Amino acid sequence: IELALKALVLNEIVQRGVLPSSSYNDDMSRVAGAALSAAGKQLLDDSSNFPKPLLAGSSAMAGMVAEYVASLVETNENSFEFKGLEDAERRCKDVDDNRLLYLVQLLQNEEEETHIQLLHIAEGYYLRAASFQPDSPQMWKKALDVTVAARSPHGGEEPLEASYPLDNLIRIAEAKGNMKRVSDLSLRLAESWLSPKSAQHPFATLFVTPFLPSLQPSIRDAKQAIQKCDIAHLDDDGELWYKLLKLRIEINHEEITVQELAEEKLSAANNRGVGKNVPELSSYRNINLNYDHAEQSSSANERKS
């Protein structure tokens, strides 16, 4: 795990255009020296003179290292703490380089190097790699896998953040005419648009947010996703999932429509001076888009009554 953590920091440094010197006597001195040189430098982007495939490859490699470290941390019970990085840490703080600072502190065991945190770091690297090669399905697939693993470690529904890599995988599958894959992915995409936004970890803003667009649950986007699904390409389980998702979308759309109509009526009443003492409906608004099947059935029965 020690070697893997050093490799994780060095991969971040390389993506800033800094090559670690070979003149140091040991690996830790090499990491510390490279961190001192890289602190404050920006990640290489499209404006650099480096070829995009090289930028994508280096970022994907960093993602694989982070993912590997995550698997080691999950099973490793040995404590560790590297010395000799104090100057690098101080330099990162001086130049407000919180991204590199987090990784340096990770090496010094000053942060809780949890499995989930490292998966988020891998997610950010894979999304960065995909930004350089947006037509490469491998990059988006890796980003999707770690996004789901980090936010739904025990299974369950597709997280909202999965909608970004899923949307790009569907785009690529459509271009190739692979409608079965489009249909399968569209079900996952529709479900992700119905999921609530995940809790934002502070460090995720350093690694994931720069490469992930702002996302909010969206009935409209869920409807558009499900419309791309051809039921003829689904197996029995997929067909059942398709029907349940359509029901969820219809229920949520109906509830939002009723809410908007009620607010419109109340606003009109307030304007006429009729409902001035009535609290705004928005104060009661608490629409949860994540209905399970039992909740859907209950809501349907209530409306029938």
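Residues numbered from 1 in each chain as written. Predicted model: local features only at pLDDT ≥ 70, side-chain atom pairs only at ≥ 80, totals over all residues. Heavy atoms only, no water.

(A) Seen up close, the pattern of salt bridges. Taken as a whole, this structure holds 16 salt bridges when the rule is applied. With a closest N to O distance of 2.8 Å, R171 and D135 form a salt bridge. Placement of the pair is R171 in helix 8 (residues 163–176) and D135 in the loop between helix 6 (115–132) and helix 7 (137–151), with a sequence separation of 36 residues. Residue classification places R171 among the partly exposed positions, given a relative accessible area of 33%. Ionic pairing is found between E158 and R188, a salt bridge with its closest N-O pair at 2.6 Å. One end of the pair, E158, is in the loop between helix 7 and helix 8; the other, R188, is in helix 9 (residues 179–193), and 30 residues separate them in sequence. Residue R188 is classed as partly exposed on the basis of its relative accessible area, which comes to 23%. Taken together, the salt bridges that share partners define one network made up of E12, R16, D97 and R99. (Salt bridge = Lys/Arg side-chain N within 4 Å of Asp/Glu carboxyl O. Helix = DSSP H or I, 4+ residues; strand = E, 2+ residues; numbered from the N terminus. Buried < 20%, exposed > 50% of the residue type's maximum accessible area, 1.4 Å probe, protein only.)

(B) Region of interest: the nonpolar core. With 82 residues, the main nonpolar core has L8, I13, L100, L103, L118, I121 and Y125 as its most contacted residues. Of all the elements, helix 6 adds the most residues to this core, at 10 residues. Filtering out sequence-adjacent residues up to four positions away, I121 remains in contact with A66, Y102, L103 and F207. (Core = buried A, V, L, I, M, F, W, Y, C linked by side-chain atoms within 4.5 Å. Contact = heavy atoms within 4.5 Å.)

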